[in-house]
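What follows is each chain in one-letter form.
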Amino acid sequence: GWTASSYAIPYERTITAIDSNRITVDIPFVQSITQEYGGGEIYRFDPSFRIRDVGVEDLFLTSAYKSSVDENHAETAVHMENVEDGWIRRVTTRHYARGLVTINWAFRVTIEDCAVLDPISQITGGRRYSFEINKGSFNLFQRNYARNGRHDYVTGSRVTGPNVFVDSYATKTHSDNGPHHRYSTGLLFDNILGGDIRTRNRGASGTGHGWTGGQVMFWNVEAERGFEVVNDEPLGTRNWSVGTKGTAFGNALFELNGQDALPRSLFYRQLEDRVG
């Protein structure tokens, strides 16, 4: 059910040089732009409406409920919308129906040292997205924990990277971690331990989810016993799984299955290379 007009996907970058018809940007794109598939267009964008330098920290938040499937109570603890250079740290939520945070058109936000405990809701679609990017780029999730969620470390529709989930853990999961639907790009899942961890074609699931992601890297991820790591790649993209533990399969590039890949963390090694 996808149409080309619905998949003109916006990437926000800063132009650093213009030489005739050659444009240089500050951060590489995470999706090729080819004339065969419609090419690309450049627009000037004014982000002055965004809220900057804001954060939420050092909170324990709990939601009251009437039964184990009650949904008439708090859904998501923190929304980061139209935010730039923000953070959430040392926040724990308990019993929220959806999760701790939803990022919606937010950029350069860090979520660290947070926990989502035992959501209260039906266990079905649209619930229990513990740490979620709905729209946004350059976001970092590190050292987080989730218990009894569904999609704990997850992206939504047409999320444009790079975005990173690193050194995070999920237990008692009821669904999978990874890009969830409609082609997110430029994702790194680095040292994620959980239930199923997947990039795949979900076909007509939901309302036509289709391919979940391209240019997705799984680095030293581990599926708990009885769960699996699936990494398939859409035609014309590249996905990778390096140092994967657990039952693993797919048509992506797999290397060092069952072994520890070095460096331990791809994200922190790249950070070291950038800033020393």
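Treat the numbers as computed from the prediction; the structure is a model and nothing was measured.

Rules of the game
Note on numbering: residues in each chain are counted from 1, in written sequence order. Two thresholds apply to this predicted model, a pLDDT of at least 70 for residue-level local features and 80 or more for giving and counting side-chain atom pairs, whereas whole-chain, interface and lining totals are computed over all residues. In computing side-chain values, all of the structure's heavy atoms are included and hydrogens and water are not. We define a nonpolar core as any set of buried Ala, Val, Leu, Ile, Met, Phe, Trp, Tyr and Cys residues linked to one another through side-chain atoms lying within 4.5 Å. Only protein chains enter the accessibility calculation, which uses a 1.4 Å probe; a residue is then buried when its area is under 20% of its type maximum, exposed when over 50%, and partly exposed in between. In DSSP terms, a helix is any run of H or I states spanning at least four residues, a strand is any run of E spanning at least two, and both are numbered starting from the N terminus. Contact between two residues is taken to exist if any of their heavy atoms lie within 4.5 Å; hydrogens are not considered. Each Phe, Tyr or Trp ring (for Trp, its six-membered ring) is paired with any other whose centre lies within 6.5 Å, and the angle between the two planes then decides the class: stacked below 30 degrees, edge-to-face above 60, tilted in between. Polar contact is defined as a pair of N or O atoms within 3.5 Å, subject to the rule that within protein one atom must be able to donate a hydrogen and the other to accept it, and that residues adjacent in sequence are counted only when both atoms are side-chain atoms. A cavity here means a set of points on a 1 Å grid, drawn over the protein atoms and nothing else, where a 1.4 Å probe fits but cannot get out; a pocket is an open set with protein on both sides within 12 Å along at least five of seven lines, and a residue lines either one if it has an atom within 4 Å of a point. Grid points are joined across faces, edges and corners, and a volume is the space filled by probe spheres set on the points. In this classification, Asp, Glu, Lys and Arg are treated as charged, Ala, Val, Leu, Ile, Met, Phe, Trp, Tyr, Cys and Pro as nonpolar, and every other residue, Gly included, as polar.

J.: In this structure, what is going on with the nonpolar core? I would like to understand it.
T.: Inside soluble globular proteins, nonpolar side chains tend to come together where they are buried. Grouped together as the largest cluster of nonpolar side chains are 30 residues, with contacts concentrated most on Met80, Ile88, Val101, Ile103, Ile111, Phe131 and Phe189. Within the residue set of this core, elements represented by two or more residues are β5 (76-81), β6 (83-94), β7 (99-112), β9 (129-137), β13 (160-171), β15 (184-194) and β17 (213-219). In terms of residue count, β7 provides more of this core than any other element does, six residues in total. In this structure, Val101 is in contact with Thr76, Val78, Met80, Ile88, Ile111, Tyr129, Ser130, Phe131, Glu132 and Phe141, ignoring residues within four places of it in sequence.

J.: Looking at this structure, how should I read the packing of aromatic side chains?
T.: Two descriptors summarise a pair of aromatic rings, namely the distance from one centre to the other and the angle between the planes of the rings. This model, assessed by the stated rule, comprises eleven aromatic pairs. On the numbers, 6.3 Å between centres and 80° between planes, the contact of Phe131 with Phe141 is edge-to-face. Of this pair, Phe131 sits in strand β9 while Phe141 is found in strand β10 (residues 139-142), placing the two residues ten residues apart along the sequence. Per residue, the accessibility class of Phe131 equals that of Phe141, and both read buried.

J.: I tried to follow helix α1 (residues 266-275) on my own but got confused; where do I start?
T.: Residues separated by three or four positions in an α-helix point in the same direction, a consequence of the helix having 3.6 residues per turn. Where α1 begins, the side chain of Ser265 points an oxygen toward the backbone nitrogen of Phe267, at a separation of 3.4 Å. One or two steps after α1, the chain reaches Gly276, where phi turns positive at roughly 85°.

J.: I would appreciate a short explanation of unusual backbone geometry in the present structure.
T.: The step from Gly161 to Pro162 runs through a cis peptide bond, and the omega angle for that step is 10°. Mapped onto the elements, Pro162 comes out in strand β13. The peptide bond linking Leu262 to Pro263 adopts the cis configuration, its omega dihedral lying at 0°. Tracing the backbone shows Pro263 in the loop between β22 (253-255) and α1.

J.: What is the right way to read the layout of surface pockets from this model?
T.: One way to see where empty space is left: roll a probe the size of a water molecule over the atoms. Roughly 2000 Å³ of internal volume is contained in the largest pocket. Around the largest pocket, the lining comprises 48 residues; the ones closest to its centre are Ala8, Ile9, Pro10, Tyr11 and Ile33. Looking at the lining of the largest pocket, the elements that each hand over two or more residues are β2 (22-25), β7 and β9. A volume near 750 Å³ is recorded for the second largest pocket. Lining the second largest pocket are 25 residues, with Pro162, Asn163, Val164, Gln270 and Arg274 positioned closest to its centre. Those elements giving two or more residues to the lining of the second largest pocket turn out to be β7, β10, β13, β15, β17 and α1. Of the residues assigned to the lining of the second largest pocket, the class counts are 15 nonpolar, six polar and four charged.

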